[in-house]
Amino acid sequence: MELLSPCALIGGFHQELTDFRRDLHAHPELGFQEMRTSGLVAGMLEALGMTVHRNIGKTGVVGVLHGKRSDSGRMIGLRADMDALSMQESNGFAHASTRPGLMHGCGHDGHTAILMGAAKYLAQTRNFDGTAVFIFQPAEEGLGGAKAMIEDGLFERFDCDAIYALHNWPGLPPGMIGINPGPMMAAADRFEVVIQGRGGHGAHPYQTIDPVLVASHVITALQSVVSRNVSALDAAVVTVASVQAGDPLAMSVIPDQAKLVGTVRTFRHSIQSMIESRMRTLIEQVAAGFGASATLHYQKIYPATINTPKEAMFVADVATELFGAKKVVRDLQPSMGAEDFSFMLEHKPGAYFRLGQGGAEGGCYLHNPNYDFNDAVIPAGAGLFAALVEKSMPLNQ
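What you see is a predicted model, and the numbers here were worked out from it, not measured in a lab. (Residues numbered from 1 in each chain as written. Predicted model: local features only at pLDDT ≥ 70, side-chain atom pairs only at ≥ 80, totals over all residues. Heavy atoms only, no water.)

Visitor: Could you give me a rundown of the environment of Gly101, with the residues and numbers involved?
Guide: In this structure, Gly101 sits in the loop between strand E3 (75–81) and helix H4 (108–125). The exposure class assigned to Gly101 is partly exposed, which follows from its relative accessible area of 25%. Along the sequence, Gly101 and Glu89 sit 12 residues apart, while their C-alpha atoms lie 7.3 Å from each other. With near-sequence residues (within four places) excluded, Gly101 lies in contact with Leu85, Ser86, Met87 and Gln88. (Helix = DSSP H or I, 4+ residues; strand = E, 2+ residues; numbered from the N terminus. Buried < 20%, exposed > 50% of the residue type's maximum accessible area, 1.4 Å probe, protein only. Contact = heavy atoms within 4.5 Å.)

In C-alpha cells, the structure reads:
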C-alpha cells in the first residue's frame, strides 16, 4: 500500500504544479534558449534543499538529492525535457503562449512540472537509500540537448545506475502507462539529394538534361527501398518531404538542379546502414541513366530509443502496483517518431515510457496548434517517477 503514497501526497500540491506548468506554457522557449525556464527550475530545486548544477549542455539543470541513507551507493536518474516548438498556438485560454510563433505543442511544460512534482515529494520524504538525480534537459526538439549534456560530462559527474523518462501520449487514456521492453522510438535520419542536370528552354527539352524528370524517377525508385529490401517483420520508413527545383514564375525554364529532402526512420542499425547504402546506389545510378549526376548527403540525427528489458519491466511492475494492471500496457507499439533520450540510453540502462493524457479522440495530437497538456495526469506521472526511485533504492535493504 505504501506505493499509493507518492500520488496521494503529490496530489496535495497538484494546483501548485498546475500553476507552474501553465506559467511555462505561457512563456515557451526554444532549445538552448531556455533561460527563464531553467532559471525557474534551478530556483525551485534549490528551495527544496538540493544541490543544483546549472548550464550542463548549455541550458540544462541537474538537481541532486540524497535519501535518508546513501549506504547502497546507488544513483537513479529521472529526466524531463524543457523546450518548446517554433509554431503558432491557436488556443485562446488564459495560459496560451504570450510569445508569437512559439508554443509548448509537445507537452514538455508538463514533463517539467511532473519531474518537479517528483522532486518535491522526494525532497519532503527522502524514503530511499541512495541518490536521486533530476535531469532537466534542453533542446529535445531536433537539436540534441541530451547529447549536449552527455558531452558536457553528465554521466561522468552523475554516474547513474539507471535512467528513466516519460512522454505524454494523446493516444492513451489519461493516466494509462505504456511501455515496451525494447524499441520505443525510431532512429531519425535526414537526407538531401542534389541532382545536377543541364538547364534550358522548356520548349526544347531535348537540349537539356532535365533534373525535374530525374527527381521524379529517383522519388519513385526510393519507394522500393523499404518494400523490396526490408523484411515485412521489421519496420522502416523512407519519406521524401521536400522537392525544390526551378522557379514557379518561369514556366518555360528547365533548371540546372533539383533538390530532394527527406527522412529515414529505422529501429535496427543493420537496416539503417542497408537503407543508406541502397539509397546511395539507386540515386546515383538512376541519375546516371538520364545523363545527370546526383549526390546523397545522409545525416544521422537521433539513434533509436531502445529500452533495456529489465528496466522496462521494472517500470511496468511499479506502475501496476501503483495503478493496477488494467492501467498498464506492457507491449505498447513503438512509434516511428524520434526522441533524443535515445542518446542517454546508449550510455545507461533505462526506460522511456508513455503517460496517457487523452485528446486523440478529438483529433488533437502532439505538435498540433490546439494542443495543451492535460494537467490532471501530473500526479500520476510524478508519482510513478517518485516510486521508481523508492523501489530502485529501498530503505529496508
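Visitor: Tell me what's going on with the UniProt feature "domain: Peptidase M20 dimerisation" (unreviewed entry) in the chain, and back it up with residues and numbers.
Guide: The feature "domain: Peptidase M20 dimerisation" (unreviewed entry), as given by UniProt, occupies residues 190–287 in the numbering adopted here. Annotation note: span residues 190–287, helix share 37%, strand share 32%, distance between end C-alpha atoms 20 Å. (UniProt positions renumbered as here; feature names shortened; annotations may be inferred.)

Visitor: Describe the pairing of strand E5 (residues 162–169), with residues and values.
Guide: Counting buried positions over the 8 residues of E5 gives 7, a clear majority of the element. Where E3 and E5 come together, 4 bridges link them in parallel fashion. The partner of Gly77 across the bridge, within E5, is Ile163. With 7 bridges connecting them, E5 and strand E16 (residues 350–356) associate as parallel partners. Bridging from a neighbouring strand, Ala165 pairs with Tyr352 of E16. (Pairing = 2+ DSSP bridges.)

Visitor: Explain the packing of helix H7 (residues 211–227) against helix H8 (residues 269–289) to me, and be specific about the residues and the numbers.
Guide: Here H7 crosses H8 at 150°, and the two axes come no closer than 9 Å. Here H7 is positioned roughly antiparallel relative to H8, judged by the angle of their axes. Of the two elements, H7 crosses H8, and the hand of that crossing is right-handed. Across the interface between the two elements, Val214, His217, Val218, Ala221, Leu222, Ser224, Val225 and Val226 from H7 touch Ile275, Arg278, Met279, Leu282, Ile283, Val286 and Ala287 from H8. Grouping the amino acids of the contact of H7 with H8 by side-chain chemistry returns 12 nonpolar, 2 polar and 1 charged. (Axes fitted to C-alpha atoms, helices over the stretch in contact; angles between N-to-C directions. Parallel < 35°, antiparallel > 145°, perpendicular 65-115°, else oblique. Left-handed = near helix turned anticlockwise from the far one by under 90°. Nonpolar A, V, L, I, M, F, W, Y, C, P; charged D, E, K, R; others polar.)

Visitor: Can you lay out the pattern of salt bridges for me, pointing to particular residues and giving the numbers?
Guide: Tallied over the entire structure, the rule returns 20 salt bridges. With a shortest N-O distance of 2.6 Å, Glu16 and Lys120 are connected by a salt bridge. Note that Glu16 is positioned in helix H2 (residues 14–26) and Lys120 in helix H4, a separation of 104 residues in sequence. Exposure remark for Lys120: the relative accessible area of 16% places this residue in the buried category. Each of Arg21, Arg22, Asp109, Asp372 and Asp375 takes part in salt bridges that share partners, so that together they form one network. (Salt bridge = Lys/Arg side-chain N within 4 Å of Asp/Glu carboxyl O.)

Visitor: So what's going on with helix H3 (residues 35–47)? Which residues, and what values?
Guide: The end-to-end C-alpha separation of H3 is 18 Å, in line with the 18 Å expected for 13 residues at 1.5 Å each. Within H3 the residues assigned to the buried category are Thr37, Ser38, Val41, Ala42 and Leu45. For H3, the angular spread of the buried residues around the axis is 125°, confining them to a single face. With respect to the buried face of H3, the exposed residues turned more than 90 degrees away are Met35 and Ala47. Residues of H3 that are buried in the fold lie against H2, strand E1 (51–56), strand E2 (60–66), H4 and strand E4 (131–137). (Expected span 1.5 Å × (residues − 1). Arc of directions from axis to C-beta.)

Visitor: An account of the layout of surface pockets is requested, with residue identities and associated values reported.
Guide: Reported here for the largest pocket is a volume of approximately 520 Å³. Forming the boundary of the largest pocket are 26 residues, of which Glu141, Arg265, Gly337, Ala338 and His367 lie nearest the centre. Only E5, strand E8 (187–196), strand E12 (257–266), strand E13 (293–302) and E16 provide two or more residues apiece to the lining of the largest pocket. (1 Å grid on protein atoms, 1.4 Å probe; cavity = no way out; pocket = protein on both sides within 12 Å on 5 of 7 lines; lining within 4 Å. Points joined across faces, edges and corners; volume = space filled by probe spheres on them.)

Visitor: Lay out the packing of aromatic side chains in plain terms, naming residues and giving numbers.
Guide: A full pass over the atoms with the stated rule returns 4 aromatic pairs. Centroid distance Tyr164 to Phe314: 6.3 Å. Interplanar angle 45°. Geometry classified as tilted. Of this pair, Tyr164 sits in strand E5 while Phe314 sits in helix H9 (residues 309–323); the two residues are 150 residues apart in sequence, bridging distant segments of the chain. Its relative accessible area of 22% is what places Phe314 among the partly exposed residues. Across the ring face of Phe32, the terminal group of Lys58 is positioned such that the distance to the ring centre comes to 4.6 Å. Note that Lys120 overlies the ring of Phe13, its terminal NZ or CZ placed 4.7 Å from the centroid. (Phe/Tyr/Trp six-rings, centres within 6.5 Å; stacked < 30°, edge-to-face > 60°. Lys NZ or Arg CZ within 6 Å of the ring centre and 35° of its normal.)

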